[in-house]
Amino acid sequence: MENERILLSSPHMSDQGYEQEYVQEAFDTNWIAPLGANVTGFENELAELVGAGHAAALVSGTSAIHMALKAVGVGKGDVVICQSLTFSATANPIIYQDATPVFVDSDKDSWNMNPAYLRKALEKYPDAKAVIVVHLYGLSAKLDEIMEICKEFNVPLIEDAAESLGTTYKGKYTGTFGDYGIYSFNGNKIITTSGGGMLVSNNEERIAKVRFWATQARDQARHYQHSEIGYNYRMSNIVAGIGRGQLKVLKDRIAKKRYIHDFYKEELKELSQISFMPENDWDFSNYWLSAITLKDVNPTYLMDELEKENIESRPIWKPMHLQPVFEKYDYIGETVAQRLFETGVCLPSDSKMSDEDLSRVATVIKRVLSNDKG
Ligand SMILES: *Cc1c(COP(=O)(O)O)cnc(C)c1O
């Protein structure tokens, strides 16, 4: 019998059917679009949960980063300092704004932006218009140091918390430290609306402005009047209904992701070739994905062996400064991000996994690493 496929991270709707209740409400009132009660509800509920002043629900995390850059006034030719080790969606909006990214290395103990290299980057580009830090796989960046440096150079901080909804840094939610924070509800994230994003900030006026830009920048007038370029970036009332339902199970999802991480750690602790993602006393991670780095074993070999058993795994993000589309831009740092990419593997961390599934994964890893053919 063919083994059932084990996925990295896939949508997981609530057992209670919360999402369907909110979506049904939208259907019953024929209010599937535009906007509507679920959009406002989702914005308020998420803002309250994380402790952000205001929130704008958008079509994606990517559009939220784009709007954050616009909100801080990033435009043509401006420099934006960006963590290199991330998904391309963090950096692409810099190009949408005709700005210039400068990429910064990670550090070993957070896997995220190295504050010392951020400082170097800002010394080299003191007129930088924004800094984008990422909290990869649910690990928080060194926010105290990063915020202090941003303050010193008087540059706004944008937190890409697409992967870290629910992660806290010293007891406060990631995404709420910077001038702007963004979350993603894409299909593989810790909670999902099928697709969607949220921009949060304490700046009420800017969030209102983002809502304006995101609905085609329609001026207050009976006719269609425009004095700025707009975007069609608003979340639909149906999608927001799914989000409201998913918010109710976020705590359960985090608990399960943490359980998965603990399970792997316990099961694989004897394998000297494996190091787990960092654990720091400053953060309480949502462990969106459990990631490891390997010593003396080729990660591709492990990923191939897992695939043969119908188990999905994935490398760690390939840094932006090594991507063909971004390699012409400046990079400040050494080889930490590159080494993480070259040695890392994201293990399946699907919140629907049973103990049996987890054991299946652990068994393959143990077999592969004890033969050690990497
Ligand atoms: C998923 C993700 C995004 C983009 O979010 P979308 O909702 O897919 O547009 C941005 N940054 C990081 C780090 C992500 O993982």
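Per chain, residue numbering runs from 1 following the sequence as it is written. Where local features are concerned, this predicted model is filtered to residues with pLDDT of at least 70; where side-chain atom pairs are given and counted, the filter is 80 or more; whole-chain, interface and lining totals use all residues. Each side-chain value is derived from all of the structure's non-hydrogen atoms; neither hydrogens nor water enter the calculation.

K.L.:
Help me understand the domain arrangement of the protein chain in this model?
P.N.:
In many analyses, interface size is given as the accessible surface area lost on bringing the parts together. Throughout the structure description, domain borders are defined by an automatic or database domain assignment. When cut into domains, the protein chain gives domain 1 (18-247) and domain 2 (250-371). Summarising the inter-unit geometry, the C-alpha centres of domain 1 and domain 2 are found 25 Å apart. Whether two residues touch is decided by their heavy atoms; if any such pair falls within 4.5 Å, the residues are in contact. The interface is formed by 47 residues belonging to domain 1 together with 37 residues belonging to domain 2. Reported buried area values correspond to the accessible surface (1.4 Å probe) lost by two parts on association, with both partners' losses combined. Together domain 1 and domain 2 conceal approximately 3800 Å² of surface at their shared face, both sides included; 65% is due to carbon and sulfur atoms. The largest per-residue losses of area from domain 1 upon contact with domain 2 belong to Trp-111, Tyr-137 and Ile-190, which jointly make up 22% of the total buried on that side. Here a salt bridge means any side-chain nitrogen of Lys or Arg lying within 4 Å of a carboxyl oxygen belonging to Asp or Glu. At the boundary of domain 1 with domain 2, the tally comes to one salt bridge. The partner of Asp-330 in a salt bridge is Lys-124, and the shortest N-O contact between them spans 2.7 Å. Pairs of N or O atoms within 3.5 Å make up the polar contacts considered here, provided that, within protein, one atom can donate a hydrogen while the other can accept it, and that residues adjacent in sequence are counted only when both atoms are side-chain atoms. Inspection of the domain 1/domain 2 interface yields 28 residue pairs in polar contact (both at pLDDT 80 or more).

K.L.:
What is the right way to read the nonpolar core from this model?
P.N.:
Generally speaking, a soluble globular protein has its nonpolar side chains buried in company with each other. Residues Leu-46, Tyr-137, Leu-165, Tyr-183, Phe-185 and Met-198 are the most contacted members of the largest nonpolar core, which totals 40 residues. Each helix is a run of H or I in the DSSP string that is no shorter than four residues. Each strand is a run of E no shorter than two, and both are numbered from the N terminus. Listing elements by their share of this core, those giving two or more residues are helix H2 (37-50), strand E1 (54-58), strand E9 (197-201), helix H8 (237-247), helix H9 (250-267) and helix H11 (336-343). Here the element with the most residues in this core is H2; it accounts for five residues. Counting contributing residues per domain, this core is built from domain 1 (18-247) and domain 2 (250-371), each supplying no fewer than three. Not counting the four nearest positions on each side in its chain, Tyr-137 is found in contact with Trp-111, Glu-163, Met-277, Ser-285, Asn-286, Tyr-287, Trp-288, Leu-289, Pro-315, Ile-316, Trp-317 and Cys-346. We define the nonpolar core as a collection of buried residues of types Ala, Val, Leu, Ile, Met, Phe, Trp, Tyr and Cys that are connected through side-chain atoms lying within 4.5 Å of one another. The classification of residues rests on relative accessible area computed with a 1.4 Å probe and restricted to protein chains. Under 20% of the type maximum is buried, over 50% is exposed, and intermediate values are partly exposed.

K.L.:
Quick question: what am I supposed to make of the site of the ligand here?
P.N.:
Distances are taken per atom, and a residue is near a molecule or strand as soon as one of its heavy atoms is within 4 Å of it. Close to the ligand lie 15 residues, the nearest being Thr-62, Asp-160, Glu-163, Ser-184 and Lys-189. The accessible surface values rely on the Shrake-Rupley method and a 1.4 Å probe; as for residues, cover is taken only from the protein chains in view. Here the ligand has 380 Å² of accessible area as a free molecule, and 94% of this is covered by the chains. Listed by contribution, the elements that provide at least two residues to the shell around the ligand are helix H3 (61-71) and helix H4 (88-96). Residues that form the shell around the ligand fall into these classes: four nonpolar, eight polar and three charged. Note on residue classes: Ala, Val, Leu, Ile, Met, Phe, Trp, Tyr, Cys and Pro are nonpolar, Asp, Glu, Lys and Arg are charged, and everything else, Gly too, is polar.

K.L.:
Help me understand the sheet that holds strand E3 (residues 100-104) in this model?
P.N.:
In sheet architecture, strand pairing relies on hydrogen bonds along the backbone and comes in two forms, parallel and antiparallel. Ordered by their spatial adjacency, eight strands build an open sheet running E1-E9-E8-E5-E4-E2-E3-E14, and the pairing between neighbours is mixed. Taken across any chain shown, the strands that pair with only one partner, and hence form the sheet edges, are E1 and strand E14 (331-332). Both E3 and E14 contribute to a ladder of two bridges, which runs parallel. Among the inter-strand pairings, Phe-103 is bridged to a residue of E14, identified as Tyr-331. Helix axes are fitted to C-alpha atoms over the stretch in contact, other axes to C-alpha atoms as well, and angles between N-to-C directions run from 0 to 180 degrees. Taken strand by strand, helix H7 (residues 204-214) contacts E1, strand E8 (180-184) and E9, and its axis lies near 15 degrees from that of E1. DSSP-based pairing: two strands are paired if at least 2 bridges between them are found.

K.L.:
Looking at this model, I keep getting lost on the environment of Ile-65. Mind explaining?
P.N.:
Here Ile-65 is to be found in helix H3. Once the C-alpha coordinates of Ile-65 and Ile-94 are considered, the two residues, 29 residues apart in sequence, prove to be 8.6 Å apart. When residues no more than four places from it in sequence are discounted, the contact partners of Ile-65 are Ala-89, Thr-90, Pro-93, Ile-132, Asp-160 and Ile-182.

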